[in-house]
Amino acid sequence: MFTRIGVIGAGQMGAGIAQVIATAGLSTILFDAQTDALSRSIEGIHKRLDQAVEKGKLDASGRDQTKRNLAAAKGLNDFADCDLVIEAIIENFEIKATLFKELDSIVKPDSLLVSNTSSISITRIAASTSRPEKVMGVHFMNPVPVMKLVELIKGLQTSTETYDAIVSFCERIQKTTVLGIDTPGFIVNRILCPMINEAIFLVQEGVRPEDIDNAMKLGTNHPMGPLTLADFVGLDTLLYILQLLHRELGEDKYRPCPLLTKYVEAGWFGKKTGRGFYSYA
Ligand code: CAA
Ligand code: NAD
């Protein structure tokens with residue numbers, strides 16, 4: 001079993017992943033290329049833990065222990081003694097591959113390196129390291145502390161030992177796993193992203209976002225409408241996933257809606273930048 005876990009990328013996913021692992025009692029270090037993002041992220045985790053105590057969902061000693069379990073890393077060298085490193089940085093193959101290559105030269109030879117990618121080929125990410133059998137996809141859902149699912153994806157090279165160790169780890173952090181295949185978007189995003197894209201086409205055709213969201217919430221019992229969810233996921237991430245589905249599966253049905261591309265060009269990434277289909281204070 002892993003005793004020290006590293007998480008790289010302290011955005012909405014990395015923060016949630018680190019929180020869940022530290023809450024499960026494991027020593028966790030978190031890193032981000034942007035120092036201010038890292039400190040904001042740790043502050044956010046502390047705030048959520050404090051709120052959990054206020055709501056009576058966590059006792060004060062559990063909160064204090066969780067805070068002690070979590071530390072900010074100063075750089076990638078701090079990951080040298082991690083048994084498992086979870087990458088949750090920007091959804092871009094070249095940037096992820098560069099990071100995996102660097103980590104491969106830093107962490108212990110028997111450590112596992114996994115990616116939280118939403119869509120990118122695990123086989124391709126694994127091939128950027130000298131330990132492809134120790135690489136796999138471990139796809140958490142947003143918001144990580146709330147969502148029960150983790151989608152697991154084996155690359156062509158992933159060993160059974162790696163898979164088994166990750167299944168045990170997910171049990172330890174109290175997540176339920178499903179096994180996807182290494183195809184663009186795996187299971188969840190292959191189905192979810194085209195639906196959200198279709199909702200954006202409707203906006204482009206003149207339907208109001210709130211009407212689309214209410215239709216899907218009240219008409220199909222979705223907890224969030226597709227446009228609220230798009231803003232929540234991040235329109236930059238959504239566009240990258242759709243571009244990859246379109247390019248690699250080669251079918252027009254995955255073509256990103258031009259309006260989505262425009263929003264991303266404008267820097268309207270959704271909740272994280274304060275503007276997307278809705279405005280956020
Ligand atoms: N981080 C941590 N916890 C959060 C949170 C966040 N961002 N947002 C809400 N929560 C917690 C709240 O603190 C609250 O916790 P308690 O029950 O302990 O009080 C709980 O979630 C419920 O929150 P709310 O009552 O405020 O709101 P809600 O009932 O509307 O639920 C939601 C919020 C859980 C986010 C719900 O709207 C939902 O399930 N939305 C859909 C989420 C979804 O589909 N996620 C998958 C996205 S796709 C993906 O992740 C894959 C990918 O690669 C893109
Ligand atoms: P985000 O934009 O909130 O955060 C990404 C973070 O990565 C940023 O803080 C950025 O500074 C950091 N970063 C970028 N390059 C880096 C590098 N080379 N080294 C260290 N840090 C770096 O993004 P997010 O929504 O947290 O998504 C992260 C990953 O998780 C992506 O691969 C995404 O596809 C995946 N994912 C996202 C969701 C979602 O709903 N947003 C759900 C599941 C999986």
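Residues numbered from 1 in each chain as written. Chains lettered and ligands numbered in written order. Predicted model: local features only at pLDDT ≥ 70, side-chain atom pairs only at ≥ 80, totals over all residues. Heavy atoms only, no water.

## Regarding the overall build of the protein chain
- The number of helices and strands found in the protein chain is eleven helices and eight strands.
- The C-alpha atoms of the protein chain give 19 Å as radius of gyration, which agrees with the globular expectation for 281 residues (19 Å, within 12%).
- Overall, the protein chain is about 55 × 45 × 30 Å in size when its C-alpha atoms are taken along their principal axes.
- The proportion of buried residues among the 281 residues of the protein chain is 50%.
- Sequence separation of 24 or more characterises 67% of the internal contacts of the protein chain that already satisfy a separation of 6 or more. (Helix = DSSP H or I, 4+ residues; strand = E, 2+ residues; numbered from the N terminus. Rg over C-alpha atoms; globule rule 2.2 N^0.38 Å. Buried < 20%, exposed > 50% of the residue type's maximum accessible area, 1.4 Å probe, protein only. Contact = heavy atoms within 4.5 Å.)

## Points about the domain arrangement of the protein chain
- As assigned here, the protein chain comprises domain 1 (4-179) and domain 2 (189-272).
- Contact with domain 1, which involves ten residues of that partner, is made by eight residues of domain 2.
- Area buried by domain 1 at its contact with domain 2 is led by Gln12, Glu91 and Ser119, which between them contribute 47% of it.
- Our count for the contact surface shared by domain 1 and domain 2 stands at zero salt bridges.
- Counting across the interface, domain 1 meets domain 2 through four residue pairs in polar contact (both at pLDDT 80 or more).
- Looking at the side of domain 1 that touches domain 2, its residues break down into three nonpolar, six polar and one charged. (Domains from an automatic or database assignment. Buried area = accessible area lost by both parts, 1.4 Å probe. Salt bridge = Lys/Arg side-chain N within 4 Å of Asp/Glu carboxyl O. Polar contact = N/O pair within 3.5 Å; in protein donor to acceptor, adjacent residues only side chain to side chain. Nonpolar A, V, L, I, M, F, W, Y, C, P; charged D, E, K, R; others polar.)

## Things to note about the site of ligand 2
- For ligand 2, the set of nearby residues contains 24 residues, the closest of which are Asp32, Glu91, Lys96, Ser118 and Val233.
- At a separation of 2.6 Å, an oxygen atom of ligand 2 approaches a polar side-chain atom of Asp32.
- Take Lys96: an N or O atom from its side chain is 2.7 Å from an oxygen atom of ligand 2.
- Protein contact buries 85% of the 830 Å² of open area that ligand 2 shows by itself.
- Its residues placed into classes, the shell around ligand 2 shows ten nonpolar, ten polar and four charged.
- Here the shell around ligand 2 spans two domains, since at least three of its residues come from each of domain 1 (4-179) and domain 2 (189-272). (Near = heavy atom within 4 Å. Areas by Shrake-Rupley, 256 points an atom, 1.4 Å probe, with all protein chains shown as cover.)

## Overview of the pairing of strand β8 (residues 176-180)
- The pairing of strand β7 (residues 149-154) with β8 spans five bridges and is parallel. The residue bridging Ile153 from the neighbouring strand is Gly180, located in β8.
- Running through helix α6 (residues 160-172), the crossover from β7 to the neighbouring parallel element β8 is right-handed. (Pairing = 2+ DSSP bridges. Right-handed = clockwise from strand over helix to strand, strands pointing away.)

## What about the side chain of Thr129?
- Mapped onto the fold, Thr129 is located in the loop between α5 (122-126) and β6 (135-140).
- Judged by its relative accessible area of 10%, Thr129 falls in the buried class.
- Among the polar contacts listed, one links the side chain of Thr129 to the backbone oxygen of Ala126, at a separation of 2.8 Å.
- Residue contacts for Thr129: discarding those within four places in its chain leaves Phe100, Asp104, Leu113 and Val135.

## Digging into the site of ligand 1
- The local shell around ligand 1 holds 17 residues, among which Lys55, Ser118, His139, Asn142 and Asn189 are the closest.
- Residue Lys55 places a side-chain N or O atom 2.7 Å away from an oxygen atom belonging to ligand 1.
- The side chain of Lys57 places a nitrogen or oxygen atom 3.0 Å from an oxygen atom of ligand 1.
- Coverage of ligand 1 by the protein amounts to 61% of the 1000 Å² it exposes when considered alone.
- Elements represented by at least two residues in the shell around ligand 1 include exactly α7 (188-204) and α9 (226-233).
- Of the residues contributing to the shell around ligand 1, the split by class is ten nonpolar, four polar and three charged.

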